[in-house]
Amino acid sequence: METPATQTLPSRAKMLGSASAFGAALPFLALLLVGVSFPLFGGGYWGVIATRACIYWVLVSGLNLVVGFAGQIAIGWVALLTLGAYATSVLTAGNLTPPFPPYLALAVAAAVGAIFGLIIGLPALRLRTFYFAITTLGFATIVTQVALAWQSVTGGGVGVAGPIFPEPFSSLWGFYYFCFGLAAICTWMTANVAASRFGRALTAIRDAEVAAEASGISKPALLGAVFMFSGAVAAVAGGLFAALQSYITPDAFTLDLSILFFIAILIGGRGSILGPLLGTILLTALPEFAAPLVAWSTFLYAVLLLVIVLAIPGGIAEILDFKNRRPLESERAIIPRPDLIERLLGALPDAGALTLEQVALSFGGVCAIDGLDLEIRSGQVHGLIGPNGSGKTTTLNVISGYYAPQCGAVSLNGAALPVFARHRRAHMRIARTFQTPRIVGSASVLENVMIGGTVDGEGTFVESLLSLPRHRRDEVMLRDTAMLALAAVGLDRLAAVRADRLQHSELRFTEIARALMLRPSFLLLDEPAAGLSADEIGRLGGLLLAIARAGTGVLLVEHHPDLIFDTCHRVTVLNLGRMLAAGTPAEIRSHREVVNAYLGG
Ligand code: ADP
Ligand code: MG
């Protein structure tokens, strides 16, 4: 039996999708129009500037996925421009092999760029922030030094001639259109990725890595694909750059150029395509408006960056984000719809039980959990209570694979859960929320929830790049499911709102919606009622019972006695890492030690 409200949900999702997609495409269409008609109003010199802007954007579009979306500080990406420029030039000149036609040379350069993009990117899996930044700078230096030293091939300090693309791309405007076309394709491809489960996963890795892992996102595989793409387009940009310069020497590839690419993304705004695109155009054109400014360009970039970081941290994208400037209703009640849970979760197979046997873990001298037995059965809510520091979150982290227990075993239906393979938990349909909500603040509520369904997409990264049918099907499926999950937790009206504008209690429900996207067999909740009003706690209880009725086993870590005693089928009480009591709510309520130690009379 479906109410009219439930029938309209997917269509609302579709409307939301198509209206926002059109609004988002509008500025790109305007830029396309300006770009195509540019030769009508720009003189010859401006043709060179516009071509350069297109070439820089080809590189920045790919780098944007690395820096703006995945949040990896790759400041030495000029290394790949250099590599692509030399690969294309050397192959067309025939210094190493018989001469290649320029298009083939460009394609080979792209392949070389993909390989080196991966190699340069690999340290990101181990090194964080500045350490990774320094390794990319190191690569930039190495590439330039090799270009200088390998004289027989690269011409050393004397340089090598760039490729010449045949008619119709040999003239100034012909070559401009060639570069413009490639820039447009790169924009389209990166916009496709940004609007795919991969783009959302990248922002999750950037802003909420533990939530990304809990949603089953494999960081090495995803970053690997992105580094390869980014390396390939950067090398293509290099080939075009060499053609535009007509002659290249190692000193054409300065660190200033690398900083320009990086700053274009920062002033454009992280997690945006349009912002960095405008940033690239701005930084390429700015020094040209007045000749004296050229000498000051580095200074200008620095000032611009400071102004942006201090005044508008979200960059150009934030200035253009009119939608999120509208005030939100101040009195917003969260009214979950437990009746939608069954439709959302479908018929869950009986997953058996998640068991902890004699699990012990200590951090140095602190014994966080000490011989804990726990059995979470499907279709039941299992409460885990205890004072602060009694080991509740640690128990969740052991089940999620963050810590290896020093003794004992964690098993799902008798099979031991792999230690440390955290993203594998999502594939086993074990979902969780966090004591402090882990949310991508700059993404919409809907996008945050869609992150939870990442593992259920079928299309590959390449299919998303090219917006092939499987990618589009995934997106429709994820969007509809996420709308349904949001309606179930009572947040569907806020779907389009940027998540960092939500109140704390709304973030808690957003996390639950994200976890429900997995159609979990087991759902681990870490203090979901913290910060909720009494009414909201009551409704949360109803929601949790509906989730359990659908067949999910819920582990509820909580402090609020009412929520525990009203919703749980069984309760385990922890104290100093040890089990103080276990039983039904009625047994726990009358347990003398528990009442004395914890419930307070
Ligand atoms: P709870 O969630 O019940 O409040 P926790 O599981 O967070 O408690 O913590 C249990 C104990 O383990 C606390 O004494 C805490 O200080 C300690 N602990 C938790 N995580 C770590 C860690 N990564 N390193 C050192 N001590 C930790
Ligand atoms: Mg805790």
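Residues numbered from 1 in each chain as written. Chains lettered and ligands numbered in written order. Predicted model: local features only at pLDDT ≥ 70, side-chain atom pairs only at ≥ 80, totals over all residues. Heavy atoms only, no water.

Section: the packing of aromatic side chains
Two descriptors summarise a pair of aromatic rings, namely the distance from one centre to the other and the angle between the planes of the rings. Convention followed: The pairing test for Phe, Tyr and Trp rings, Trp by its six-membered ring, is centres within 6.5 Å, and the orientation test on the planes gives stacked under 30 degrees, edge-to-face over 60, and tilted for anything in between. We count a stretch as a helix when DSSP gives it H or I for four or more residues in a row; a strand needs E for two or more, and each element gets its number in order from the N terminus. In this scheme, a residue with accessible area under 20% of its type's maximum is buried, one over 50% is exposed, and one in between is partly exposed, where area comes from a 1.4 Å probe on protein chains only. In our convention, an over-ring charge means Lys NZ or Arg CZ found within 6 Å of a ring centre and within 35 degrees of that ring's normal.
Applying the stated criterion across every chain, the model contains 18 aromatic pairs. With a centroid separation of 6.1 Å and 35° between ring planes, the pair formed by Phe 38 and Tyr 176 is classed as tilted. On the criterion of sequence distance, the pair formed by Phe 38 in helix α1 (residues 4–41) and Tyr 176 in helix α7 (residues 172–194) is long-range, its members being 138 residues apart. Accessibility assignment for this pair places Phe 38 and Tyr 176 in one class, buried. Counting every residue linked through ring pairs, the aromatic cluster contains Phe 38, Trp 173, Tyr 176, Tyr 177 and Phe 180. Here the guanidinium or amino end of Arg 589 rests over the ring plane of Phe 565, the centre of that ring lying 4.6 Å away.

Re the coordination of the magnesium ion (ligand 2)
Ideal coordination angles are 109.5 degrees for a metal with four donors arranged tetrahedrally and 90 or 180 degrees for a metal with six donors arranged octahedrally. Counted only if it meets this: Excluding water, the donors of a metal are its N, O and S neighbours within 2.8 Å, or within 3.2 Å for Na, K and Ca, and that exclusion means sites may look incomplete.
Distances from the magnesium ion (ligand 2) to its protein donors, namely Thr 393 (OG1) and Gln 435 (OE1), fall within the range 2.0 to 2.2 Å. With Thr 393 in helix α17 (residues 392–399) and Gln 435 in the loop between β8 (430–432) and α19 (445–451), this pair connects stretches of sequence that are 42 residues apart. Assessed through its relative accessible area of 36%, Gln 435 is described here as partly exposed.

Brief notes about the side chain of Ser 444
Spelled out, the test is: Note on definitions: a residue-residue contact is assigned when non-hydrogen atoms from the two residues lie within 4.5 Å.
With respect to the secondary-structure elements, Ser 444 resides in the loop between β8 and α19. Classification of Ser 444 as buried rests on a relative accessible area of 14%. Contacts of Ser 444, omitting those with residues within four sequence positions, involve Ala 495, Ala 496, Val 497, Arg 498 and Ala 499.

A short note on the sheet that holds strand β6 (residues 407–412)
Defined as follows: Whether two strands pair depends on DSSP finding at least two bridges between them.
Taken together, the 4 strands give an open sheet; going across it, the order is β4-β3-β6-β7, and neighbouring strands pair in antiparallel fashion. Both edges of this open sheet fall to β4 (366–377) and β7 (415–416), since each of them pairs with a single strand only. Bridge analysis of strand β3 (residues 353–363) against β6 gives 5 bridges, and the strand direction is antiparallel. Pairing of Thr 355 across the sheet is with Ser 411, part of β6.

A look at unusual backbone geometry
Cis geometry is adopted by the peptide bond preceding Pro 168, which originates at Glu 167 and carries an omega value of 5°. For Pro 168, the position within the fold is in the loop between β1 (160–161) and α7. Backbone geometry at Ser 246 places phi at a positive 60°, although glycine is not the residue there. For Ser 246, the position within the fold is in the loop between α10 (219–245) and β2 (247–248). A positive phi angle is found at Glu 527, which is not glycine, with a value near 50°. Counting through the fold element by element, Glu 527 comes out in the loop between β9 (522–526) and α23 (534–549).

Some thoughts on the site of ligand 1
The condition is simple: To be near a molecule or strand, a residue needs just one of its heavy atoms within 4 Å of it. Identification of polar contacts relies on pairs of N or O atoms within 3.5 Å, with a donor-acceptor requirement for protein atoms, meaning one able to donate a hydrogen and the other able to accept it, and with residues adjacent in sequence counted only if both atoms are side-chain atoms. When residues are sorted by character, Ala, Val, Leu, Ile, Met, Phe, Trp, Tyr, Cys and Pro go into the nonpolar class, Asp, Glu, Lys and Arg into the charged class, and all the rest, Gly among them, into the polar class.
The local shell around ligand 1 consists of Phe 363, Val 366, Ala 368, Pro 387, Asn 388, Gly 389, Ser 390, Gly 391, Lys 392, Thr 393, Thr 394 and Tyr 403. At a separation of 2.5 Å, an oxygen atom of ligand 1 approaches a polar side-chain atom of Thr 394. Elements represented by at least two residues in the shell around ligand 1 include exactly β4 and α17. In terms of residue class, the shell around ligand 1 is made up of 5 nonpolar, 6 polar and 1 charged.

Quick notes on the packing of helix α11 (residues 255–268) against helix α12 (residues 274–285)
The following threshold applies: Here the axes come from fitting lines to C-alpha atoms, over the contacting stretch only for helices, and the angles between their N-to-C directions go from 0 to 180 degrees. For classification, angles of less than 35 degrees are called roughly parallel, those exceeding 145 degrees roughly antiparallel, those between 65 and 115 degrees roughly perpendicular, and all remaining angles oblique. Helix crossings are classified by the rotation of the near helix relative to the far one: an anticlockwise turn of less than a right angle makes the crossing left-handed, while a clockwise turn makes it right-handed.
The geometry of α11 relative to α12 is characterised by a closest axis approach of 7 Å and an angle of 130° between their N-to-C directions. For the element pair α11 / α12, the angle class is oblique. The two elements α11 and α12 cross, and the hand of that crossing is right-handed. On α12, the residues that touch Leu 260, Ile 263, Ala 264, Ile 265, Ile 267 and Gly 268 of α11 are Gly 275, Pro 276, Gly 279, Thr 280, Leu 282 and Leu 283.

Considerations on the side chain of Arg 200
Among the secondary structure elements, Arg 200 is positioned in helix α8 (residues 197–207). There is a polar contact of 3.0 Å between the side chain of Arg 200 and the side chain of Glu 475. Beyond its immediate sequence surroundings of up to four residues, Arg 200 is in contact with Ala 194, Ala 195, Glu 447, Met 450, Ile 451, Glu 475 and Leu 478.

Overview of the domain arrangement of the chain
This is how the line gets drawn: What marks off one domain from the next here is an automatic or database domain assignment. By convention, the term buried area covers the 1.4 Å-probe accessible surface removed from two parts as they join, with the contributions of both added. Between Lys or Arg on one side and Asp or Glu on the other, a salt bridge is scored when a side-chain nitrogen of the former is within 4 Å of a carboxyl oxygen of the latter.
Domain annotation of the chain identifies domain 1 (25–253) and domain 2 (340–599). Using only C-alpha atoms to locate each centre, domain 1 and domain 2 end up separated by 42 Å. Roughly 2400 Å² of surface becomes buried between domain 1 and domain 2 when both sides are summed, with 64% attributable to carbon and sulfur atoms. Sorting the residues of domain 1 by area buried against domain 2 places Arg 197, Arg 200 and Ser 215 first, and these three jointly supply 28% of that buried surface. For the interface between domain 1 and domain 2, the tally reads 3 salt bridges. Put simply, Asp 474 and Arg 197 hold a salt bridge, and the shortest N to O gap is 3.9 Å.

A closer look at the packing of helix α4 (residues 102–121) against helix α5 (residues 129–149)
Packing of α4 against α5 brings their axes to within 10 Å, and their N-to-C directions diverge by 140°. Taken together, α4 and α5 sit at an angle that is classed as oblique. Contact with α4, carried on its side by Ile 119, Ile 120 and Gly 121, involves Phe 132, Thr 136 and Phe 139 of α5 and no other residues of that element. Taken together, the residues of the contact of α4 with α5 sort by class into 4 nonpolar, 2 polar and no charged.

A closer look at the nonpolar core
Under the convention used in this document: By nonpolar core is meant a set of buried Ala, Val, Leu, Ile, Met, Phe, Trp, Tyr and Cys residues that side-chain atoms within 4.5 Å join together.
Leu 59, Leu 63, Trp 77, Leu 81, Phe 175, Leu 240 and Phe 261 are the most contacted members of the largest nonpolar core, which has 91 residues in total. It is α10 that provides the largest number of residues to this core, a total of 15 residues. Both domains that furnish three or more residues to this core are identified here as domain 1 (25–253) and domain 2 (340–599). Ignoring sequence-local partners within four residues, the contact set of Trp 77 consists of Leu 59, Leu 63, Gly 117, Ile 120, Phe 227, Ser 230, Gly 231, Ala 234 and Ser 258. Within the second largest apolar cluster, 63 residues are counted, among which are Leu 340, Met 450, Leu 478 and Ala 495.

Quick notes on the pairing of strand β11 (residues 570–575)
Bridge analysis of strand β5 (residues 381–385) against β11 gives 4 bridges, and the strand direction is parallel. When the sheet's bridge partners are listed, Gly 383 is paired in β11 with Val 571. In this structure, β11 lies alongside strand β12 (residues 578–583), joined through 5 bridges in antiparallel fashion. Bridging across to β12, Thr 572 finds its partner in Ala 582. Connecting β11 to the next strand, β12, in antiparallel fashion are 2 residues, including Leu 576 with a positive phi near 50°.

What about the sheet that holds β5?
One open sheet accounts for 6 strands, arranged β8-β9-β10-β5-β11-β12; its pairing is mixed. Two strands in the sheet have a free side with no partner beyond their single neighbour: β8 and β12. Strand-to-strand twist in this sheet, taken as the mean axis angle between neighbours without regard to direction, amounts to 15°. Bridge analysis of β5 against strand β10 (residues 553–558) gives 5 bridges, and the strand direction is parallel. Paired with Gly 383 across the two strands is Leu 556, which belongs to β10.

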